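Here's the letter readout for the chains.
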Amino acid sequence: MGPKKKSSVWQFFNKIDDKKTKCKLCQKEIKSAGNTTNLIGHIRNVHKAAYLEIQPKQTTFNAVTTTDEISNPLDLDTKVTPYNKMDDGVLQFQPVPSCSGSQRSGAPLPKTVNETIDSDLDENVIPLKRQRTIQAAFKDISSYSESGAKTRKLNNCLLFMICKDHQPFSIVENEGFKTLMKTVAPQYKLPSRTTLRRWLDDKYEVISETIKKMLSSIEDITLTTDIWSDTLNMKSFLGITAHFGIDIELYSVTLGVYELDERHTSDYLSEILLKVCQDWKIDQENVTAVVTDNAANIVKAIELAFGRRKHIPCFAHTLNLVAEGTMICIEWRNIVSKVKPIVTWFKQSCIASDELRKATAAATESSAGAAEVKLIQSVDTRWNSTYYMLQRFLELRSVINDILFRHPRAPAMLSASEISTVSSVIMVLRPLEAATKEISGDKYCTSSKIIPLVRCMLSKITSAVIEDPVAKEVQKLAINEINKRMGSIEHVNALAIASILDPRFKRMHFNDPIACSNAVTKIKDLMKKNLHSNEEPESDSDKSDKNEEAFSLWTDHHKLVHRNWKINKSEDVLSDELSVYLRTPVGRLKENPLEIWRDYKIQFPKLYKIAFKYLTIVGTSVPSERLFSQAGLVMTEQRNRLKGKRLSKLLFLHSIDKKYWNM
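Residues numbered from 1 in each chain as written. Predicted model: local features only at pLDDT ≥ 70, side-chain atom pairs only at ≥ 80, totals over all residues. Heavy atoms only, no water.

Asker: I keep staring at the overall build of the protein chain and nothing clicks. Help me out?
Answerer: The number of helices and strands found in the protein chain is 26 helices and 11 strands. Looking at the protein chain residue by residue over its 663 residues, the buried ones come to 42%. When contacts within the protein chain are restricted to residue pairs at least 6 apart in sequence, those whose partners lie at least 24 apart make up 63%. Summed over its atoms, the accessible surface of the protein chain is roughly 39200 Å², and 52% of this surface lies on carbon and sulfur atoms. (Helix = DSSP H or I, 4+ residues; strand = E, 2+ residues; numbered from the N terminus. Buried < 20%, exposed > 50% of the residue type's maximum accessible area, 1.4 Å probe, protein only. Contact = heavy atoms within 4.5 Å. Areas by Shrake-Rupley, 256 points an atom, 1.4 Å probe, with all protein chains shown as cover.)

Below is the structure:
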């Protein structure tokens, strides 16, 4: 005989002992004396949807098709057609009068069921092909109960939509949304705003615990942080994101935005950073680096919380300072100041905007799928917007000139020499714009690109052939700013190590041989540290054996000899591993360095851990900037009473991957 088949009801219960079980659905304890009678009764009475799932499939009669005639057993003189349907999904059989005596004797017969269906089809009425069983109908109704499967699924999807799409909780009260849900799922009962907020808190607790458990096991984590001011409510928030690598992929998590109710001193900010790490179970020793802008208070806060060596200045912010430094040139600043009012005039004048759209419509229509071309206004805090404003202005300069000429009150157009200057300066600033785009990602390695980007950027700007005197002055200022702000970037240990251990770059982009040598020495020191930490301590039995040996005055000498031998041997091994790696061919630029190191893991086991630690560092605090852009989409005038804690929960759940939502 085979093993006894286990009842399907046990999938909803956990056995506590021989006489007690606990329901997985409601956590209630149920007595069980060796049988499942009480268990089935509990599921049948309390969880009807689950009860229908474990019911054995009943043998049903063949479903009636629309081409069959069904006799009514209660009235021999009527026939029914099974294709009418009520609003609630239940079939209604419509009686059809049968033949009278005169009709049986040769009078014309009434329409048969087939003829009735044919006539209905002519009126665009589609008949049902198959009748559902009663059990299936009740199962579908039960799935929309409060604890039904479909209701739970729709609740989860509704909360996912609110968090991912920045929708307000009041969407469940909107007439359009109610109509949509009534059409899609008529039996689904929409939750209230209060219920949605409670679900949000519950979902946050469940998912955040999972992420905390994950972060506690990660050894190399990079944090980015920045301060954002909500002008709508005049509040300040500290945004923090965490970044780490798993295998060959990089992951980002929004830890939240934390309301600041005191002066933004370094001591206060450092306390918040440490508290956040404690709440999310992040060990301070596992924080590899913290990337921020160059504000004095946040730099000092990082030094107090994690140490000066772990702070890395945001490379994108430094590029922004370089671009701002070129505005010292008065002639160049005056030209930019003339372009801004022209763009503003087009933005404020409907007539001018209409003329611009009509003038560019022909070019847009000729390019299949091309978007509407508009002027771009600059933003003071983002230098790239000034670059894009000037670039678009040059692209549309002929159209803009014609429109300005027709409007006497319009701002003055740039002269030919000024347009030539703009074109030359854009050539100078193009490497800065390309570097900003290259470094702003968080799904690929960026820390190892900073030193190569600085050298390539400086080389492009220096080698540019410029004849315009104003553009030459801007070129000179850009070179001076890069040397001033990034001249010592090769001496930043974390960035230098990341660049050397990136198989695509290694030592190629170092201009300072001393900085390169220091980075190589630092890598060797880290390898030694890892080697000694992996050595097994001397056992007590070995110590006792040595104590029993005869006394010798040269015992310490033998120990020193043995230690020196081990050090020389380990240094040879470490030097060989690093030197062999540095002699390997350089990887292609488009390759993922983490994927290359996965192949190197067996050949360079000691270098692999160090490479993984430094290659997973992000090079900018752009993720924190993006976090505040998302916060601006959530904290609108319609949601100006949203509390800081709930805003933090919404932003955290927005950043979470969809796979975590079913937990």
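Once you've had a look at it, read on.
Asker: Which parts of the structure should I look at to understand the confidence of the model for the protein chain?
Answerer: Close reading of the predicted structure is inappropriate where its pLDDT is low. The predicted model of the protein chain averages 80 in pLDDT, with 80% of residues at 70 or higher. Mean pLDDT across the elements of the protein chain bottoms out in strand β4 (residues 70-71) (36) and peaks in helix α9 (residues 266-279) (94). Low confidence marks residues 568-572, where pLDDT is under 50. Its contacts with residues over four positions away, or in another chain, come to 2 contacts. (pLDDT = per-residue confidence, 0-100.)

Asker: Help me out: how do you make sense of unusual backbone geometry in this one?
Answerer: With glycine set apart, most residues show a phi of negative sign, and most peptide bonds adopt trans. Its identity as a non-glycine residue notwithstanding, His166 has a phi of 55 degrees, on the positive side. Tracing the sequence through the fold places His166 in the loop between α6 (149-164) and α7 (175-184). The class for His166 is buried, based on a relative accessible area of 15%.

Asker: Help me out: how do you make sense of the sheet that holds strand β2 (residues 20-23) in this one?
Answerer: Read across the sheet, 3 strands follow the order β1-β2-β3 without closing on themselves; strand pairing throughout is antiparallel. Strand pairing shows two members of the sheet lacking a second neighbour, β1 (13-15) and β3 (29-31), which therefore form its edges. If you compare each strand with its neighbour and ignore which way they point, the axes differ by 35 degrees on average. Pairing of β1 with β2, which is carried by 3 bridges, proceeds in the antiparallel orientation. Note that in β2 the partner of Lys15 across the bridge is Thr21. Set on the sheet, helix α1 (residues 37-46) makes contact with β1, β2 and β3; between it and β3 the angle comes to about 135 degrees. (Pairing = 2+ DSSP bridges. Axes fitted to C-alpha atoms, helices over the stretch in contact; angles between N-to-C directions.)

Asker: Explanation requested: the packing of helix α19 (residues 493-500) against helix α24 (residues 605-615) in the structure shown.
Answerer: Each pair of packed helices gets described by two things: the angle between the helix axes and the distance between those axes. Direction vectors running N to C along α19 and α24 enclose 120 degrees, while the axes themselves pass 9 Å from each other. One finds that α19 runs oblique with respect to α24. α24 is crossed by α19, and the crossing has left-handed handedness. Of the residues in α24, those in contact with Ala494, Ile497 and Ala498 of α19 are Ile610, Tyr614 and Leu615. (Parallel < 35°, antiparallel > 145°, perpendicular 65-115°, else oblique. Left-handed = near helix turned anticlockwise from the far one by under 90°.)

Asker: What's the story with the packing of aromatic side chains in this structure? I'm lost.
Answerer: Describing an aromatic ring pair means giving the distance of the ring centres and the angle of the ring planes. Summed over the entire model, instances satisfying the criterion amount to 14 aromatic pairs. Aromatic side chains Phe244 and Tyr251 sit 6.1 Å apart centroid to centroid with 20 degrees between the ring planes, which places their arrangement in the stacked category. Overall, the relative accessible area of 31% leaves Tyr251 in the partly exposed class. Measuring from ring centre to ring centre gives 6.0 Å for Tyr581 and Phe604, while their planes differ by 80 degrees; the resulting arrangement is edge-to-face. Of this pair, Tyr581 sits in helix α22 (residues 555-583) while Phe604 sits in the loop between α23 (593-600) and α24, placing them 23 residues apart in sequence. Residue Tyr581 is classed as buried on the basis of its relative accessible area of 0%. Three or more aromatic residues joined by ring pairs form one cluster here, namely Tyr581, Trp597, Tyr600 and Phe604. Sitting over the ring of Tyr581, Lys506 keeps its end group 4.8 Å from the ring centre. A cation over an aromatic ring shows up here: Arg639 above the ring of Phe169, its NZ or CZ 5.8 Å from the ring centre. (Phe/Tyr/Trp six-rings, centres within 6.5 Å; stacked < 30°, edge-to-face > 60°. Lys NZ or Arg CZ within 6 Å of the ring centre and 35° of its normal.)

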